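Here is what each chain is made of, one letter per residue.
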Amino acid sequence: MIRTREDVALLLLDWVRPLKAHYSVGGAQLHIGNTSAHYGESSILMEGYARVLWGLAPLFSQDNEELPLLYRQEIEDWKSLTRAGLIHGTDPSHGEYWLDVWDYDQKMVEMASIVNAIMLAPKVFWEPLTDAQKTNVYHWLNQINDHQVHPNNWRFFRILVNTMFRCLDLPASEECLKDDFGVIESCYEGDGWYYDGHPGQKDYYIPFAMHYYGLLYAKWMEEREPEYTRVLKVRAAQFYPDFLHWFNGEGREVPYGRSLTYRFAHSACFAAMAYAGVDVPMGELKHMVLGNLRYWSVQPILDNGGVFTIGYQYPNLLMSERYNAPGSPYWSFKAFLILAMPKEHPFWQTQEKEPVFVAKRFLAHPNMIAVHESGGHTLLYPTGQHSANFGCTVEKYQKFVYSNLYGFSVSRGTQLEDGAFDNTLAATAAGENFWRMRSGMQHFEATPDMVRTLYEMMPGVTVESLIVPCGRGHLRIHFIRTSVAVELADGGFAIPAENGLRRMENDMVSLEKTEICCHFPWANALAVNLEGDGEARLIRPFPNTNLMAPLTVIPAIYYKLEPGQYCLVDYFYGGKEPLDKAMAIPQYESLKASKWI
């Protein structure tokens, strides 16, 4: 079990040890795979080097005397290797030079981990360098001040670079700092919530980017700028109660939005809160970070050589974004910021305490409802969310519900099976067998009791969907206006079709005309048509479409509609425990009176 600082340090060493053989001779490049990202091979190799520092630098920042001598010697080897990489990567005359920086360069992203390493472990990454080497590091990092940077969380990369310059009495760009903080402040909405450059995008970039970097800044600058750093800590404390409800009591998060291949980076914000001294119960922060690490430490996220893979709960390139390179998953090491706190720190001395969750919490800023059902099942019901197309974006933001037990599925085709349309409404023109889920919306509303979205499924088909959490399961009320003949499939939870070597069997599925129930020993799912002449079906998606289980089934309700107006009502449940639907399905007639179309 992962309980102590020593446990966490040894876990980190276990995870980095397989990487050592893949570093370049000069240590500035890390090659661990042959897939690509939009920024090309030179930045990919540099990214591999840099992202590992998110874990190693906090480890280097302390004396680690509690570790056995063998591990302390291993740490010294890592210090030498990574310091050499920094020296060579920033030396224009060296063959492993990281190249010059250009506008919107991916290398700007990786500067953050390098700056953090220098700030946390100057005795490793700064003080041993010669004056010429320090000058190279400064000039390479300073290039960010001469180039365009995206107006979102990227501005923190330049903030952190210039903050390091200020702390080391090096020339910094006050003009860039002023402009960058202006962008960050323009993204702040209140109540602890930012958005990441676009008001419609509120995902894990808020905690593991906007707050995380802000709390690094708050820690580094708390003596120089006590008022502003206090503001950053207060915002984090305000954010905590909402963000907490994206997890269950074991620290297991709900997969939702992009960049899920960063995995346990989702708990990094809790680590940063503890590191910066945010006024949040320390026992809860400890429980959430360590619980999240405990969960991920036993998931099959490594390849046969011990290297992190692209994917979520198992290797899966289908769900990747265009910026996911082989080394990208090591962004998850941001959670290892807890290693920057010595074993005497209150974080390590306090006992873990599981937070108390309310059964249902309305999250106004991200337009969603968080629900905690029995068995540790946490669900998010969002609306109004959207993002630029980084890969499978509509699946990551625009489904009706997201679950920490069953995740969600991404499409690899346009038929029902390869489309894997779980927890969404899919449509095709009648007889065409060309299915798609919605993309975008015309209007939306979130209240403490339901979320509502108005959208166009396809030309001629307008839908208004009301999603109503019921404590156990949820109702979907769809108002349809169609000018064309259309087929619809209202998909439920994608649950695992096998558990170890045991596969689902026919008698584990009960199928009637308007109801289908999957009652597996390891999972349960239910889909019931309540209104609208639907037909229950079991969809068997292509393998590897779901983020959490390679092989799934989806209970769904199928409709075939002629031109006209309709009201369709379905009920869905997914969970570890069987459900008595008679006790779960609420009255819904009053909700139908509030429709927009």
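Residues numbered from 1 in each chain as written. Predicted model: local features only at pLDDT ≥ 70, side-chain atom pairs only at ≥ 80, totals over all residues. Heavy atoms only, no water.

Caption draft 1: A look at the packing of helix 4 (residues 106–120) against helix 6 (residues 131–142). With their axes 11 Å apart at the nearest point, helix 4 and helix 6 run at an angle of 140 degrees to one another. With respect to their mutual orientation, helix 4 and helix 6 come out oblique. For the pair helix 4 and helix 6, the crossing hand works out as left-handed. The residues of helix 6 that touch helix 4, namely those facing Lys107, Met111, Ile114, Val115 and Ile118, are Val137, Trp140 and Leu141. (Axes fitted to C-alpha atoms, helices over the stretch in contact; angles between N-to-C directions. Helix = DSSP H or I, 4+ residues; strand = E, 2+ residues; numbered from the N terminus. Parallel < 35°, antiparallel > 145°, perpendicular 65-115°, else oblique. Left-handed = near helix turned anticlockwise from the far one by under 90°. Contact = heavy atoms within 4.5 Å.)

Caption draft 2: Expanded view of the sheet that holds strand 6 (residues 402–403). The sheet built from 4 strands is open, its strands ordered 3-4-5-6 with antiparallel pairing. Single-partner strands in this sheet number two, and they are strand 3 (360–363) and strand 6. Inspection of the sheet shows strand 3 paired to strand 4 (residues 368–372) by 4 bridges, in the antiparallel sense. Bridge pairing in strand 4 links Lys360 to Val371. (Pairing = 2+ DSSP bridges.)

Caption draft 3: Geometry of the nonpolar core. Formed by 151 residues in total, the largest nonpolar core has its most connected members in Tyr213, Met273 and Phe333. Ranked by residue count, the leading element in this core is helix 9 (residues 205–221), at 13 residues. Residues in contact with Tyr213, not counting those within four places in the same chain, are Trp54, Ala112, Asn153, Phe156, Phe157, Leu160, Phe208, Trp331 and Lys334. Tyr455, Val486, Leu488 and Phe493 belong to the second largest nonpolar core, which has 41 residues in total. (Core = buried A, V, L, I, M, F, W, Y, C linked by side-chain atoms within 4.5 Å. Buried < 20%, exposed > 50% of the residue type's maximum accessible area, 1.4 Å probe, protein only.)

Caption draft 4: Spatial organisation of the packing of helix 9 against helix 11 (residues 268–276). Where helix 9 contacts helix 11, the axes come no closer than 9 Å and their chain directions differ by 15 degrees. Here helix 9 lies roughly parallel to helix 11, going by the angle between them. In this structure, helix 9 crosses over helix 11, and the sense of that crossing is left-handed. Residues Pro207, His211, Tyr212, Leu215, Leu216, Lys219 and Trp220 of helix 9 touch helix 11, and the partners they reach there are Ala268, Cys269, Ala272, Met273, Tyr275 and Ala276. Looking at the contact of helix 9 with helix 11 residue by residue, the class counts come to 11 nonpolar, 1 polar and 1 charged. (Nonpolar A, V, L, I, M, F, W, Y, C, P; charged D, E, K, R; others polar.)

Caption draft 5: Highlighting helix 1 (residues 5–16). Counted at 1.5 Å a residue, the expected span for helix 1 with its 12 residues is 16 Å, and the 17 Å between its end C-alpha atoms agrees. Residues of helix 1 that are buried: Arg5, Val8, Ala9, Leu11, Leu12, Leu13, Trp15 and Val16. Tucked into the core, helix 1 has its buried residues touching helix 2 (40–60), helix 3 (69–89), helix 12 (282–297) and helix 13 (346–349). (Expected span 1.5 Å × (residues − 1).)

Caption draft 6: Here's a closer look at the environment of Pro355. Considering the arrangement of structural elements, one finds Pro355 in the loop between helix 13 and strand 3. Once the C-alpha coordinates of Pro355 and Phe520 are considered, the two residues, 165 residues apart in sequence, prove to be 30 Å apart. Ignoring sequence-local partners within four residues, the contact set of Pro355 consists of Tyr240, Leu244, Glu284, His287 and Met288.

Caption draft 7: Broad picture of the side chain of Ser24. Inspection of the secondary structure puts Ser24 in the loop between helix 1 and helix 2. Overall, Ser24 belongs to the buried group, its relative accessible area being 18%. A distance of 2.7 Å separates the side chain of Ser24 from the side chain of Glu96, its partner in a polar contact. Excluding anything up to four places from it in sequence, Ser24 contacts Gln29 and Glu96. (Polar contact = N/O pair within 3.5 Å; in protein donor to acceptor, adjacent residues only side chain to side chain.)

Caption draft 8: Region of interest: the pattern of salt bridges. Scanning the model with the defined rule gives 32 salt bridges in all. Salt bridges here are not isolated pairs; linked through shared partners, they connect Arg155, Arg158, Asp179 and Asp180. (Salt bridge = Lys/Arg side-chain N within 4 Å of Asp/Glu carboxyl O.)

Caption draft 9: View of the pairing of strand 21 (residues 552–561). Where burial is concerned, most of strand 21 is hidden: 9 out of the 10 residues are buried. Here 6 bridges tie strand 13 (residues 486–491) to strand 21, and the two strands are oriented antiparallel to one another. Considered in strand 21, the bridge of Ala489 is made with Tyr558. Summarising the sheet, strand 20 (residues 535–539) and strand 21 pair through 5 bridges and their orientation is antiparallel.

Caption draft 10: Local environment of the packing of aromatic side chains. Summed over all chains, the structure comprises 49 aromatic pairs. A centroid spacing of 5.1 Å and a plane angle of 90 degrees characterise the contact between Phe243 and Phe247, whose relative ring orientation is edge-to-face. Per residue, the accessibility class of Phe243 equals that of Phe247, and both read buried. Following the ring pairs from residue to residue traces out a cluster consisting of Trp193, Tyr204, Phe239, Tyr240, Phe243, Trp246, Phe247, Tyr256, Phe270, Tyr397, Tyr402 and Phe408. Between the NZ or CZ atom of Lys334 and the centre of the ring of Trp54, over which it lies, the distance is 5.3 Å. (Phe/Tyr/Trp six-rings, centres within 6.5 Å; stacked < 30°, edge-to-face > 60°. Lys NZ or Arg CZ within 6 Å of the ring centre and 35° of its normal.)

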